[in-house]
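Next come the chains, spelled out residue by residue.
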Amino acid sequence: MMISTRGARTPAVLVLEDGRAFRGRAYGAVGETFGEAVFSTGMTGYQETLTDPSYHRQVVVMTAPHVGNTGVNDEDPESARIWVSGYVVRDPARKPSNWRSQRTLDEELAAQGVVGISGVDTRALTRHLRERGAMRVGIFSGEALPDEAALLERVRQAPEMVGADLSAEVATKEAYVVPAIGTKKFTVAAIDLGIKGMTPHRMAERGIEVHVLPATATLEEVYAVAPDGVFFSNGPGDPATADHPVALMRGVLERSTPLFGICFGNQILGRALGFGTYKLKYGHRGINQPVQDRTTGKVEVTAHNHGFAVDAPLDRASDTEFGRAEVSHVCLNDQVVEGLRLLDRPAFSVQYHPEAAAGPHDAAYLFDRFVSLMEDQRA
């Protein structure tokens, strides 16, 4: 990525790998960037989206037409930096209006070197991605841009998301502890595959001391903290490449330690149980996805960010090396697997984000379900 000074009037162009191009103005840093073009349907929570490590190497198109209205603050980030490779908006706010705002979104993107583009017909771009599928993209800005044919060739040389092993690139390098809030009740080892800051906080609210461990942690390092439960986080990349997390999870399952996984962690559980994974055409991203909890029949509005899914049967329980497993949650839009649970061991996972920073909070009960598993195991 090349960075120079930013400027709202600087010309910019977005080039998709199938040759379609959209012209607009620079937003954030000026230069060039590459990634996978995806769209997010959330109307709020752009700061949490930008700082979600699961968006590593992705260029996010915002379907909401107005972005940046509430500015940027230092309380809402989900990690220490912005992870998106690029950012695409239609009408950026000219001036933020919120009592918590400390600077503009444009300023924050520029300060962190994130190349974006504004003035783009994001509705047309989103419809194109829905029809053609997520694909590689480049954003280029500056006063003297090469012709689109030359830029297209550079986009097609960028790496694809299929086969990308990215979790270790975003995970913590050193273990750290998030203390329980109030009386400590349990200890959880959380495997950081791209964890969001709100996730250990939600567990801490329930009296859990969370030991966040690197993605490269060994089984011995996990059990060195004497965990009552083990958690596998969200994260970026292709789950088919995640051989180490899969082996680690299998070790946890063999010991029958209570286990909870979200997003990437759901895909890891799927692989550990012997199911395959596949890439969705354009993925689920946003905070308005309807999911049914098949154990209760309840429908929840949930927060998603995934481009891959687990290939498991919806109509029956499956026999696995670790006992019977079934699909516990399903997306009502397209019947994609959104959760798994073991019937003979204390383990479950969901494909979405129950911590739901920026909302909604329909799925917060899943942390309580994890607590119940640990209480039952202790009893």
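Residues numbered from 1 in each chain as written. Predicted model: local features only at pLDDT ≥ 70, side-chain atom pairs only at ≥ 80, totals over all residues. Heavy atoms only, no water.

Visitor: Account for the overall build of the chain, naming residues and giving values.
Guide: Along its length, the chain carries 10 helices and 21 strands. By the compact-globule yardstick of 21 Å for 379 residues, the chain fits well, its C-alpha radius of gyration being 21 Å. Taken over the C-alpha atoms alone, the chain extends approximately 65 × 40 × 35 Å along its principal axes. Across the 379 residues in the chain, those meeting the buried criterion constitute 56%. Within the chain, counting contacts between residues at least 6 apart in sequence, those at least 24 apart form 75% of the total. Carbon and sulfur atoms make up 47% of the accessible area of the chain, which totals about 15300 Å². (Helix = DSSP H or I, 4+ residues; strand = E, 2+ residues; numbered from the N terminus. Rg over C-alpha atoms; globule rule 2.2 N^0.38 Å. Buried < 20%, exposed > 50% of the residue type's maximum accessible area, 1.4 Å probe, protein only. Contact = heavy atoms within 4.5 Å. Areas by Shrake-Rupley, 256 points an atom, 1.4 Å probe, with all protein chains shown as cover.)

Visitor: Break down the side chain of His353 for me, with residues and values.
Guide: Relative to the helices and strands, His353 is located in the loop between β21 (347–350) and α10 (365–378). What makes His353 buried here is its relative accessible area of 3%. Among the polar contacts listed, one links the side chain of His353 to the side chain of Glu355, at a separation of 3.0 Å. Those residues within four positions of His353 in sequence are excluded, and the remaining contacts are Asp52, Lys196, Asn234, Ile262, Cys263, Ala303, His304 and Asn305. (Polar contact = N/O pair within 3.5 Å; in protein donor to acceptor, adjacent residues only side chain to side chain.)

Visitor: Lay out the UniProt feature "active site" (unreviewed entry) in the chain in plain terms, naming residues and giving numbers.
Guide: If you check UniProt for "active site" (unreviewed entry), the listed places come out as Cys263, His353 and Glu355 in our numbering. The greatest C-alpha distance among the residues just named is 11.4 Å, despite their covering 93 residues of sequence, which places them together in space. The annotated residues contributing to the lining of the largest cavity are His353. Looking at where Glu355 falls in the secondary structure, it is placed in the loop between β21 and α10. (UniProt positions renumbered as here; feature names shortened; annotations may be inferred. 1 Å grid on protein atoms, 1.4 Å probe; cavity = no way out; pocket = protein on both sides within 12 Å on 5 of 7 lines; lining within 4 Å.)

Visitor: Hey, could you go over empty space enclosed by the protein for me, with residue numbers and the actual values?
Guide: Summed over all chains, the structure comprises three cavities of 30 Å³ or more. Size it by volume and the largest cavity reaches roughly 170 Å³. Thr49, Lys196, Gly286, Ile287 and His304 are, among the 20 residues lining the largest cavity, the residues nearest its centre. Where the lining of the largest cavity is concerned, the elements lending two or more residues are α1 (46–50), β16 (276–293) and β17 (299–311). Looking at the lining of the largest cavity, its residues break down into seven nonpolar, nine polar and four charged. Empty space within the second largest cavity amounts to approximately 130 Å³. Surrounding the second largest cavity, 15 residues form its lining, Gly235, Gly237, His306, Gly307 and Phe308 being those nearest its centre. When contributions to the lining of the second largest cavity are tallied by element, the ones reaching two or more residues are α9 (264–272) and β17. (Points joined across faces, edges and corners; volume = space filled by probe spheres on them. Nonpolar A, V, L, I, M, F, W, Y, C, P; charged D, E, K, R; others polar.)

Visitor: Talk me through a positive patch on the surface; I want residue IDs and the actual numbers.
Guide: There is a patch of like positive charges on the surface, built from Arg123, Arg127, Arg130 and Lys281. Tracing the sequence through the fold places Lys281 in strand β16. (Patch = residues over 30% accessible without salt bridge, like charges linked within 9 Å, V, L, I, M, F, W, Y side chains within 5 Å. Salt bridge = Lys/Arg side-chain N within 4 Å of Asp/Glu carboxyl O. Lys, Arg positive; Asp, Glu negative; His and termini not counted. Charge placed at Lys NZ, Arg CZ, Asp CG, Glu CD.)

Visitor: Can you lay out α10 for me, pointing to particular residues and giving the numbers?
Guide: For α10, with 14 residues, the first-to-last C-alpha span of 20 Å sits near the 20 Å given by 1.5 Å per residue. Every buried residue of α10 is accounted for by Leu366, Phe367, Phe370, Val371 and Met374. What you see down the axis of α10 is that its buried residues fit within an arc of 155 degrees, all on one side. (Expected span 1.5 Å × (residues − 1). Arc of directions from axis to C-beta.)

Visitor: So, the nonpolar core: which residues are in play, and what are the values?
Guide: In this structure, Ile191, Val222, Phe232, Met249, Leu253 and Leu273 are the most contacted members of the largest nonpolar core, which totals 34 residues. Secondary-structure elements contributing two or more residues to this core are β12 (186–191), α7 (219–223), β14 (229–232), α8 (243–254), α9, β19 (323–331) and β20 (337–342). In terms of residue count, α8 provides more of this core than any other element does, five residues in total. Beyond its immediate sequence surroundings of up to four residues, Phe232 is in contact with Ile191, Leu193, Pro245, Leu248, Met249, Leu259, Phe260, Gly261, Ile262 and Gly265. (Core = buried A, V, L, I, M, F, W, Y, C linked by side-chain atoms within 4.5 Å.)

Visitor: Run through the confidence of the model for the chain, naming residues and quoting values.
Guide: For the chain, mean pLDDT is 95; residues scoring 70 or higher make up 98% of the total. Note that residues 1–6 has pLDDT below 50 and, in this model, 21 contacts with residues that lie over four places away or in other chains. (pLDDT = per-residue confidence, 0-100.)

Visitor: So what's going on with the pairing of β20? Which residues, and what values?
Guide: Taking burial as the measure, the six residues of β20 include five buried ones, the bulk of the element. Where β19 and β20 come together, five bridges link them in antiparallel fashion. When the sheet's bridge partners are listed, Val330 is paired in β20 with Val337. Joining the antiparallel neighbours β19 and β20 is a turn of five residues, in which Gln335 adopts a positive phi near 65 degrees. Pairing of β20 with β21, which is carried by three bridges, proceeds in the antiparallel orientation. Each residue of the ladder has a partner; that of Arg341, found in β21, is Phe348. What sits between β20 and β21 in their antiparallel hairpin is a turn of four residues. (Pairing = 2+ DSSP bridges.)

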